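An overview of the molecular structure
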There are 2 protein chains.
Amino acid sequence: MIKLENGWNTSVPGFEAGAAMAGVKKEGRYDVSVIFSTVPAACGAVFTQNKFCASPVLLDREVNKGGYAQAIVANSGCANACTGVKGYEDAKAMQAHTAEALGIKPEEVFVCSTGVIGAFMPMDRILKGIDDAVEVMDENGGEIAAKGIQTTDTVIKHTAYEGIVGGKKVTFGGIAKGAGMIHPNMATMLTFITTDAAIAPDVLKRAVKKAADLSFNMVVVDGDTSTNDTMIVLANGLAENEIILSEDHPDYPAFFEMLLACASDLSRMIAKDGEGATKFLEVNVIGAKDFADAKKAAMAIAKSPLVKTAIFGEDANWGRITCAAGYSGADLDPEKASLVVGGVCLFENGLNKNVSDEVMEPIMAQKEISLTMDLAVGEAKATVWTCDFSYDYVKINGDYRT
Amino acid sequence: MIKLENGWNTSVPGFEAGAAMAGVKKEGRYDVSVIFSTVPAACGAVFTQNKFCASPVLLDREVNKGGYAQAIVANSGCANACTGVKGYEDAKAMQAHTAEALGIKPEEVFVCSTGVIGAFMPMDRILKGIDDAVEVMDENGGEIAAKGIQTTDTVIKHTAYEGIVGGKKVTFGGIAKGAGMIHPNMATMLTFITTDAAIAPDVLKRAVKKAADLSFNMVVVDGDTSTNDTMIVLANGLAENEIILSEDHPDYPAFFEMLLACASDLSRMIAKDGEGATKFLEVNVIGAKDFADAKKAAMAIAKSPLVKTAIFGEDANWGRITCAAGYSGADLDPEKASLVVGGVCLFENGLNKNVSDEVMEPIMAQKEISLTMDLAVGEAKATVWTCDFSYDYVKINGDYRT
């Protein structure tokens, strides 16, 4: 498996993409994107668990049930969330319009929206944007399609891998947007991964769920889950590998490894691009009773405002980290637990190791910091990615009126 | 029931208190406090659920089982947490020393510590401080005892009520410390409530648990639960009301009302004194399936950094509030839910009410803001108190090294 230098969804054979500046966001910015597979593709998707989910999410759940899809249409600038019956009709109209422009069935089109909550979609501009995006669509359109889904992102998040599945060259390409559940009324993590591998829809669905649980669901910026979060994977089979019909198929591990590599890359990019982030933090929990417990403890550490502000302040404040593990609800042995930050053990067998500030200063000054908390009660582990909590987080989220 | 003007633990007949400047904190600050009942008192206490609980908490759980106690000894400056076997022995030594100085049994003395995590107690100074505090102890010592448990608190939190229970005048007095799980390595919410009401220990224990669940457990500053959180209630029976032997006793409601009034007062003071807080926020959730769900939704709203920064920025950002309710896991009807902020309905039947900024500006500019989210699926409700999230929170917690 090798990582491609400048990979996008359209790095994958059989995928085209396009985007338009439809005026939903500020002028001069792409805000409507279309990703298209020239042949029907198996699909797998996971969605936000937020009970106020956006209208497109309701629609996409139906598309996902169908098992095959050929296109994704997405807009930024308006989330079409908390918009009731009219919002659902607008999402249906986007779907129908895209299907018509592409000559496919509406039920093969995923619809995604991100942006302001509670506002209705400017449908004339959106439909015009879909036409324009389809018009320019080609196998080089991956980058503008990625731009079309950005909101407050400061970098374009994309990745791609090439590898061998069942003796055939297979490519995966992915893009994502999201930087927490950010900005005034802005929402959402969106990620679209394409591949030419051949896999059955039901196996793909489970693989996507599993990959999401190990990647996007392990990212926390501010702990807020948006109304629109969506991950969609399309697998069009053009690589002509023997179709993967179950998890027991010998090629499944290779497939899953590439899918997870894409998803993990994009997840880390989202954590690094957290609002106002100055540092990237990897939280490893080991020695847990089970994965759920490991995740619980890692999430508690990663979400703690006290831990996040300490990381911002370059302070190896182990008390806050162990404390967060302690209240997480995860099983732990307080007399055997230990904590390593940046390779230095600060806390062992429940006791302070009295490591000097001089030792920790250069470690805490780094841009990327990793810590490992051992709960000392089992064998399970989990890794969560997050960022620090800076003045700019407060500024971006609190101060935009001034 | 009337609120006393300048009430403390020692406003209650039969209670004395004292404090000393033992040099655990900076010079010139009280840091060791003793609260004493001249007769044995029924006791009820609740403690942190943090798995890394401090040594004094382990000890106090045993005291609490005994049902009766006569004293509380507390220090600030050192939390005696993550200190292992030595920490436990130090807590035992504090207990024994206090008992000896007061001429009571060690198992009738609660021990509380708050301050730096992971450091051992300066036992010589602590024991000397206990002697000094007992030396000056009298019925006017409530205020200095309150000072002796402060760490980063900016105000002294105290309250007292007088009322009639079973035809007798009964007094309740309470103090608290805490402002989140704050400051470099500092921890803890501590609260001590005294009363001269007569009540059986088992009834008192359950009443304390219930009162804590409706007050202190409904406060959230940063969502971090410390290693030392402790609430202790001592009831010495000197009011000579007929002893309350069960929840069915006709005087129980009056007793519970006064206990809850004290606990609620102190809880709100803690939320208002949250680190860097510029505003106090009351989050009401109504229309929930049950209390657990109502609390879940209210806590999700109150803990959300996006909501807290919006309140700081005086932004009536209803999308963030409904979104937090949506991901809380609480049952809700997205098409019937509504949200009122400062008396103005911003969101109704799942739709934006398009209230203008002009309407909301004066409301959001107030120091105390109340919001009510209706989940529209039941009759249960809950109220959580919190504060906003300001630059100063990041400064206090992240920037102290510079």
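Residues numbered from 1 in each chain as written. Chains lettered and ligands numbered in written order. Predicted model: local features only at pLDDT ≥ 70, side-chain atom pairs only at ≥ 80, totals over all residues. Heavy atoms only, no water.

1. Describing the overall build of chain A
The number of helices and strands found in chain A is 11 helices and 16 strands. Relative to its full complement of 402 residues, chain A shows a buried share of 62%. When contacts within chain A are restricted to residue pairs at least 6 apart in sequence, long-range pairs at least 24 apart make up 80% of them. Working note: accessible area of chain A is about 14,100 Å², and carbon and sulfur atoms make up 51% of it. The averaged location of the 53 negative side-chain charges in chain A is 4 Å from the averaged location of its 36 positive side-chain charges. (Helix = DSSP H or I, 4+ residues; strand = E, 2+ residues; numbered from the N terminus. Buried < 20%, exposed > 50% of the residue type's maximum accessible area, 1.4 Å probe, protein only. Contact = heavy atoms within 4.5 Å. Areas by Shrake-Rupley, 256 points an atom, 1.4 Å probe, with all protein chains shown as cover. Lys, Arg positive; Asp, Glu negative; His and termini not counted. Charge placed at Lys NZ, Arg CZ, Asp CG, Glu CD.)

2. Details of helix α10 (residues 357–364) of chain A
Residues and elements named next belong to chain A. Of all the positions in α10, only M360, I363 and M364 are classed as buried. Relative to the axis of α10, the buried residues are bounded by an arc of 90 degrees and lie together on one face. In this structure, α10 carries E358 and P362 as exposed residues pointing more than 90 degrees from its buried face. Where α10 is buried, its residues meet α8 (305–312), β12 (338–341), β13 (344–348) and β15 (368–374). (Arc of directions from axis to C-beta.)

3. A short note on the confidence of the model for chain A
Residues shown with low pLDDT carry predicted positions that ought not to be read at fine detail. All names here are of chain A. Overall, the predicted model of chain A reaches an average pLDDT of 91, with 94% of residues at or above 70. Within the model, pLDDT remains below 50 along residues 181–187, and this stretch shows 40 contacts once partners closer than five positions in the same chain are excluded. Across the predicted assembly, pTM comes out at 0.82 and ipTM at 0.77. (pLDDT = per-residue confidence, 0-100.)

4. Quick notes on the packing of aromatic side chains
Using the criterion set out here, one finds nine aromatic pairs over all chains in the structure. Residues Y252 of chain A and F256 of chain A carry aromatic rings whose centres are separated by 6.0 Å and whose planes lie at 15 degrees to one another, so their mutual orientation is stacked. With Y252 of chain A and F256 of chain A both in helix α6 (residues 252–272) and four residues apart, the pair spans about one turn of that helix. Exposure remark for Y252 of chain A: the relative accessible area of 6% places this residue in the buried category. Each ring, one from F347 of chain A and one from F52 of chain B, has its centre 5.6 Å from the other, and the planes form 75 degrees; the classification is edge-to-face. Of this pair, F347 of chain A sits in strand β13 while F52 of chain B is found in the loop between β3 (32–47) and α1 (55–66), placing the two residues in two different chains. Judged by relative accessible area, which is 4%, F52 of chain B ranks as buried. Pairwise contacts between aromatic rings join F52 of chain A together with W318 and F347 of chain B into one cluster. Of note, K308 of chain A hangs over the ring of F389 of chain A, and the distance from its end group to the ring centre comes to 5.8 Å. One Lys or Arg, K86 of chain B, reaches over the ring of F120 of chain B and ends 5.5 Å from the middle of that ring. (Phe/Tyr/Trp six-rings, centres within 6.5 Å; stacked < 30°, edge-to-face > 60°. Lys NZ or Arg CZ within 6 Å of the ring centre and 35° of its normal.)

5. A closer look at the pattern of salt bridges
Residue and element names in this part refer to chain A. Scanning all chains against the criterion turns up 31 salt bridges over all chains. Taking the shortest distance from any N to any O, the salt bridge between E62 and K65 comes out at 3.2 Å. One end of the pair is E62 and the other is K65, both in helix α1 (residues 55–66) and three residues apart, which spans about a single turn. Since its relative accessible area comes to 62%, K65 is described here as exposed. Here D132 makes a salt bridge to K128, at a shortest N to O gap of 3.0 Å. Taken together, the residues span about one helical turn, with D132 and K128 both in helix α3 (residues 123–136) at a distance of four residues. By relative accessible area, D132 is classed as partly exposed at 28%. A single salt-bridge network, built from bridges that share partners, covers K3, D265 and R268. (Salt bridge = Lys/Arg side-chain N within 4 Å of Asp/Glu carboxyl O.)

6. Some details on the sheet that holds strand β13 (residues 344–348) of chain B
Residues and elements named next belong to chain B. Spatial ordering of the open sheet is given by β9-β16-β11-β15-β12-β13-β14, a layout of seven strands whose pairing is mixed. Every other strand in the sheet has two partners, leaving β9 (219–220) and β14 (351–352) as the edge strands with one partner each. Bridge analysis of strand β11 (residues 280–288) against strand β16 (residues 380–387) gives seven bridges, and the strand direction is antiparallel. Bridge pairing links E282 to W385 in β16. The strands that helix α9 (residues 318–327) touches are β12 (338–341), β13, β14 and β15 (368–374); relative to β12, the one it contacts most, it runs at about 130 degrees. In the packing of helix α10 (residues 357–364) onto the sheet, contacts are made with β12, β13 and β15, and the angle to β13 comes to roughly 120 degrees. (Pairing = 2+ DSSP bridges. Axes fitted to C-alpha atoms, helices over the stretch in contact; angles between N-to-C directions.)

7. Some words on the side chain of T230 of chain B
All names here are of chain B. Note on placement: T230 falls in strand β10 (residues 230–235). With a relative accessible area of 2%, T230 lands in the buried category. T230 has contacts with V46, F47, V57, C112, M189, L190 and T191, leaving out every residue within four places of it along the chain.

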